[in-house]
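# Coordinate inspection notes
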Amino acid sequence: MQIDTSRLESLLASADRIALVGHFNPDGDALGSVTAAYHYLKDRGKKPRIILPSPYPENMAFLEPDDPRDRMLICENDLPGARALVAEADLVICLDLNRLSRTEYLEQDILQTRASKVLIDHHIAAELERFDLAISTIGVSSTCELLFWTLLSLPDVAGDPGRLSLRCAESLYVGMMTDTNNFANSVFPDTFEMASKLIARGVDKDGLQEKVLSCYSVSRTRLMGHMVKDKMKVVPQHQAAYMLLSNKEKERYHFQPGDSEGFVNLPLAIRTMQVSALFTENIDGKYVRVSLRSKGTINVNKFAIRFFNGGGHRNAAGGRLYMPLEAVPAYFEQALDNWPEEEKFS
Ligand code: 5GP
Ligand code: MN
């Protein structure tokens, strides 16, 4: 994949302080893309800093920059610090988010900064007009894949993955591996080419897989069993299944950020199941986080937009519900009943 990076190159050339911003509840792709961009820019002599709206899963802490002064800044721990970084930046690069509101806290700061703004993202319907430059396509597995092809197209890398540091290569691999659910979803021919080039570059595929995907505690594994055995509700007429995760259960199973990663995929292993949903009570009890997954041509992106204040991709989307957890089953089952056929298969 070739990407026209002439405009990006001129923005990078004239910037020194560069803020790299990921989305709320950062996943592997958000973390992988901000850290890969960090490593590339640091190696190039720039002053990059990473800003994340909320904490990231502990198992991916190894992606943190080595320099303690460059530790990722979490808005929920230091919002004034995050705002200052945006205000002082020459360039703001948003990664793995299609709308500035996905930064939760920084929408106005990013809009008002004098810095140029770049978007690198793979979601549907990105807010292109809010950026000076948007590298945006849904024809890739992940933001990390899009960033990989973007970096390769820059003049100093010149198509040679050997010119990316190993840290940068590892970050890119982790984001792609997690967003594809380890090569299960949204994989394109170029995705395998990316993997092949990164492995040839020296990325330890098995080591990263073990670190990131085989990293859970006993209590997380028991929680997963509890969810499937005691919590999964099947709605056979809609070939759908859903699970609710409450704060009480999180406490009982010593829940850590990232522990529910993958739960929503479990019901889709059932032959007849086409749609799966996970509803998680937010820690402050103010809203319920929604995770949706589907098989094949069923479009949960539009389902998330219409009923769940969110969005995402065709087969993986998310959002929020502002209601008590107990009210969710009735709301969800009604949403399934009212899901317009033409949107469901679009
Ligand atoms: P997850 O279920 O893993 O949290 O999210 C699945 C997909 O939906 C991700 O690609 C994510 O970007 C998107 N997504 C999750 N939550 C939201 C949300 O609140 N708003 C929007 N627009 N997209 C979301
Ligand atoms: Mn992503």
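Numbers given for residues are sequential positions, taken from 1 along each chain in its written order. Following the order in which they are written, the chains are lettered starting with A and the ligands numbered starting with 1. Two thresholds apply to this predicted model, a pLDDT of at least 70 for residue-level local features and 80 or more for giving and counting side-chain atom pairs, whereas whole-chain, interface and lining totals are computed over all residues. To obtain the side-chain values, all non-hydrogen atoms of the structure were used and water was disregarded.

Further remarks concern the pairing of strand β1 (residues 17-21). In terms of burial, β1 is a largely internal element, four of the five residues being buried. Here five bridges tie β1 to strand β2 (residues 47-52), and the two strands are oriented parallel to one another. Each bridged residue has a counterpart across the sheet, and for V21 the counterpart in β2 is I51. The parallel pair β1 and β2 is bridged by helix α2 (residues 28-43), and the resulting crossover is right-handed. The rule is simple: take the accessible area with a 1.4 Å probe, protein chains only, and divide by the maximum for that residue type; under 20% is buried, over 50% is exposed, in between is partly exposed. Each helix is a run of DSSP H or I of at least 4 residues and each strand a run of E of at least 2, with the numbering of both proceeding from the N terminus. The criterion for strand pairing is that DSSP finds at least two bridges linking the strands in question. Every crossover in which the path from the first strand over the helix to the second runs clockwise, viewed with the strands pointing away from the viewer, is termed right-handed.

Surveying the vicinity of ligand 1 reveals 13 residues, the closest of which are H123, S291, R293, H313 and G318. The term polar contact refers here to a pair of N or O atoms within 3.5 Å; inside protein, the definition further demands a hydrogen-donor-capable atom paired with an acceptor-capable atom, and it admits residues adjacent in sequence only when both atoms are side-chain atoms. Between ligand 1 and R102, the relevant distance is 3.2 Å, taken from an oxygen atom to a side-chain nitrogen or oxygen of the residue. In this structure, an oxygen atom belonging to ligand 1 sits 2.4 Å away from a side-chain N or O atom of S291. Computed with the Shrake-Rupley method and a 1.4 Å probe, the accessible areas treat only the protein chains shown as cover for residues. The protein chains hide 84% of the 490 Å² of surface that ligand 1 would expose on its own. Elements supplying a minimum of two residues to the shell around ligand 1: β10 (288-294), β11 (311-312) and β12 (316-321). In terms of residue count, the dominant contributor to the shell around ligand 1 is β12 (four residues). Whether a residue is near a molecule or strand is decided by its heavy atoms; if any one of them lies within 4 Å of it, the residue is near.

Looking now at the coordination of the manganese ion (ligand 2). Metal sites are built from N, O and S donor atoms within 2.8 Å, or 3.2 Å for Na, K and Ca, and they leave out water, so they may look incomplete. For the manganese ion (ligand 2), the full set of protein donor atoms is D29 (OD), D96 (OD), H122 (NE2) and D179 (OD), and the range of their distances to it is 2.2 to 2.4 Å. Counting along the primary sequence, the residues that act as donors to the manganese ion (ligand 2) give the motif D-x66-D-x25-H-x56-D. With D29 in helix α2 and D96 in the loop between β4 (91-95) and α4 (107-112), this pair connects stretches of sequence that are 67 residues apart. Neither residue differs from the other here; D29 and D96 are each classed as buried.

A separate point is the sheet that holds strand β5 (residues 116-121). Judged by pairing direction, the sheet is parallel, and its six strands sit side by side in the order β3-β2-β1-β4-β5-β6 without closing on themselves. Every interior strand has two partners, whereas the edge strands, β3 (73-74) and β6 (133-136), have only one. The pairing of β5 with β6 spans four bridges and is classified as parallel. Bridge pairing in β6 links D121 to S136. The contact criterion used throughout is that any non-hydrogen atoms of two residues lie within 4.5 Å. Only C-alpha atoms enter the line fits that serve as axes; for helices the fit covers just the stretch in contact. Angles between N-to-C directions range over 0 to 180 degrees. Across the face of the sheet, helix α3 (residues 79-88) comes into contact with β1, β2, β3 and β4 while running at roughly 140° to β2. In the packing of helix α5 (residues 143-153) onto the sheet, contacts are made with β4, β5 and β6, and the angle to β5 comes to roughly 115°.

This next bit is on the domain arrangement of the protein chain. Along its sequence, the protein chain is carved into domain 1 (6-213) and domain 2 (218-344). These domain limits were set by an automatic method or by a database of domain assignments. Between the C-alpha centres of domain 1 and domain 2 the distance comes to 27 Å. Contacts between domain 1 and domain 2 engage nine residues on the former and ten residues on the latter. The salt bridge definition used is simple: a Lys or Arg side-chain nitrogen within 4 Å of an Asp or Glu carboxyl oxygen. Summed over the shared surface of domain 1 and domain 2, the number is one salt bridge. For the salt bridge of E104 with R320, the shortest nitrogen-to-oxygen distance reads 2.9 Å. Residue classes follow a fixed rule: Ala, Val, Leu, Ile, Met, Phe, Trp, Tyr, Cys and Pro count as nonpolar, while Asp, Glu, Lys and Arg count as charged, and any other residue, Gly among them, counts as polar. Looking at side-chain class alone, the side of domain 1 that touches domain 2 contains three nonpolar, four polar and two charged residues.

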